[in-house]
Amino acid sequence: MPITVNLDVMLARRKMRSRDLAEKIGISEQNLSLLKSGKVKGVRFSTLEAICQHLQCQPGDLLEYLPAGEESAAST
Amino acid sequence: MNSPTPLLSESTLPRSARRLSRYATTLAWLIAPLVVAQYLFFNTDSFPVPYGMTSLLAGLEWTLNQRLLAAAVGVLPALAMMLALLAVGRICREYAAARLFSDAVLGAYRRLAMTLVATTALHWLQPTLLGLALALTLPPGKRFVTLGVGSDDLLLILVTALVFLLGSVMRVAQRVQSENAEIV
């Protein structure tokens, strides 16, 4: 998928566990795991706002757009 | 950040749906025996005999055979209505469990629509079938069959069409719900 979710990178930088973040922002750990792996169809602004608030980051730190050609090049 | 309000709370739909499920299921199991009892033991004035037969049967004591035939005819729409009520009970049980758009609900709506079609058809045919059944017990020259459409039949047709429409809407709603479930 062209949109890459870098949530696991931000969690590592802030030294926070997925479980703790999920509890703070009010979504299940399972949904957070799906978000980290990019297996969701969308993210609500309220969820994005809560993640940015608790991880002290910007939406651009979490989401990255890689067009199809660049995505396959980045993965190799 | 405040946690989102749950879609269904304990004090709204679930409680009323559970109650409605109990009423629908109870009525479903009572309706056929009550109809049979009505035809076997009660006054025949309220029976839906064809219009032209009313005068022929007025004042006559119905024989056991006539009552049994009438009960056999009368129980058919009651059985269809029983299945419809059981489908309603299933829908309400699913709603009570906060499963608004599950496959079980969609299946129950389909069954409800089908059984309403059967109920409508049998309700429409009931006076005709009853007349036919009674005609077998009447002497020659006093036998005839009628067929008609009443306002009750038109109302049933309208309700059946609405249930079909509701079933279609529920299918779309299920698709929307599954899409929304993939948005976090």
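Above this note sits the structure.
Residues numbered from 1 in each chain as written. Chains lettered and ligands numbered in written order. Predicted model: local features only at pLDDT ≥ 70, side-chain atom pairs only at ≥ 80, totals over all residues. Heavy atoms only, no water.

Trainee: Would you mind showing me how to read the pattern of salt bridges here?
Mentor: If the charged atoms of two oppositely charged side chains come close together, the side chains can form a pair. Residue and element names in this part refer to chain B. For the coordinates displayed, the defined rule picks out four salt bridges over all chains. Between Arg-90 and Glu-94 there is a salt bridge, and its shortest N-O distance comes to 3.3 Å. With Arg-90 and Glu-94 both in helix H3 (residues 64-96) and four residues apart, this pair spans about one turn of that helix. Residue classification places Glu-94 among the buried residues on the basis of a relative accessible area of 5%. Through salt bridges with shared partners, one network takes in Arg-90, Glu-94 and Arg-99. (Salt bridge = Lys/Arg side-chain N within 4 Å of Asp/Glu carboxyl O. Helix = DSSP H or I, 4+ residues; strand = E, 2+ residues; numbered from the N terminus. Buried < 20%, exposed > 50% of the residue type's maximum accessible area, 1.4 Å probe, protein only.)

Trainee: Would you mind going over the nonpolar core with me for this structure?
Mentor: Soluble, globular proteins show a tendency: their nonpolar side chains are buried together. Grouped together as the largest cluster of nonpolar side chains are 20 residues, with contacts concentrated most on Leu-7, Leu-21, Leu-32, Leu-35, Leu-55 and Leu-62 of chain A. Within the residue set of this core, elements represented by two or more residues are helix H1 (7-13), helix H2 (18-25), helix H3 (29-36) and helix H4 (45-55) of chain A. Setting aside its immediate chain neighbours within four residues, Leu-62 of chain A contacts Thr-4, Val-5, Asn-6, Leu-7, Met-10, Leu-48, Ile-51, Cys-52, Leu-55 and Cys-57 of chain A. By size, the runner-up hydrophobic cluster in this structure holds 17 residues, among which are Ala-84, Ala-96, Tyr-109 and Leu-112 of chain B. (Core = buried A, V, L, I, M, F, W, Y, C linked by side-chain atoms within 4.5 Å. Contact = heavy atoms within 4.5 Å.)

Trainee: Which parts of the structure should I look at to understand the interface of chain B and chain A?
Mentor: Quoted interface sizes are often the accessible area lost when the parts come together. Listed as interface residues are six residues of chain B and, on the opposing side, eleven residues of chain A. Both faces considered, chain B and chain A share a buried interface measuring about 880 Å² in area, 60% of it formed by carbon and sulfur atoms. Applying the counting criterion to the chain B and chain A interface returns zero salt bridges. One can count five residue pairs in polar contact (both at pLDDT 80 or more) joining chain B with chain A. (Buried area = accessible area lost by both parts, 1.4 Å probe. Polar contact = N/O pair within 3.5 Å; in protein donor to acceptor, adjacent residues only side chain to side chain.)

Trainee: Before we go on, may I ask you to explain unusual backbone geometry in this structure?
Mentor: Generally, phi is negative for residues other than glycine and the peptide bonds are trans, each holding for most cases. Positive phi, close to 55°, is recorded for Gln-56 of chain A, a residue that is not glycine. With respect to the helices and strands, the residue Gln-56 of chain A is situated in the loop between H4 and helix H5 (59-62). Its identity as a non-glycine residue notwithstanding, Ala-98 of chain B has a phi of 65°, on the positive side. Residue placement: Ala-98 of chain B occurs in the loop between H3 and helix H4 (103-135).

Trainee: How should I be thinking about a positive patch on the surface in this particular structure?
Mentor: All names here are of chain B. On the surface, a cluster of positive charge is contributed by Arg-15, Arg-18, Arg-19 and Arg-22. Tracing the sequence through the fold places Arg-22 in helix H1 (residues 13-41). Relative accessible area serves as the criterion here: at 52%, Arg-22 is assigned to the exposed category. (Patch = residues over 30% accessible without salt bridge, like charges linked within 9 Å, V, L, I, M, F, W, Y side chains within 5 Å. Areas by Shrake-Rupley, 256 points an atom, 1.4 Å probe, with all protein chains shown as cover. Lys, Arg positive; Asp, Glu negative; His and termini not counted. Charge placed at Lys NZ, Arg CZ, Asp CG, Glu CD.)

Trainee: Explanation requested: H3 of chain B in the structure shown.
Mentor: In an α-helix, one turn spans 3.6 residues; hence positions three or four apart end up facing the same way. All names here are of chain B. Between its first and last C-alpha atoms H3 spans 45 Å; for 33 residues at 1.5 Å apiece the expected length is 48 Å, and the two agree. In H3, a bend of some 30° at Val-75 exceeds every other bend along the element, and Pro-77, a proline, comes one to four places later. With its phi angle positive at about 65°, Ala-98 sits one or two positions after the end of H3. (Expected span 1.5 Å × (residues − 1). Bend = angle between axes of the 7 residues up to and from the residue.)

Trainee: It is not clear to me how the environment of Leu-55 of chain A should be interpreted in this structure. Could you clarify?
Mentor: Residues and elements named next belong to chain A. Summarising the element assignment, Leu-55 is placed in helix H4. The exposure class of Leu-55 is buried, given its relative accessible area of 0%. With 48 residues separating them along the chain, Leu-55 and Leu-7 place their C-alpha atoms 9.5 Å apart. The contacts of Leu-55, once residues within four sequence positions are left out, are Leu-7, Met-10, Leu-11, Arg-14, Met-16, Leu-21 and Leu-62.

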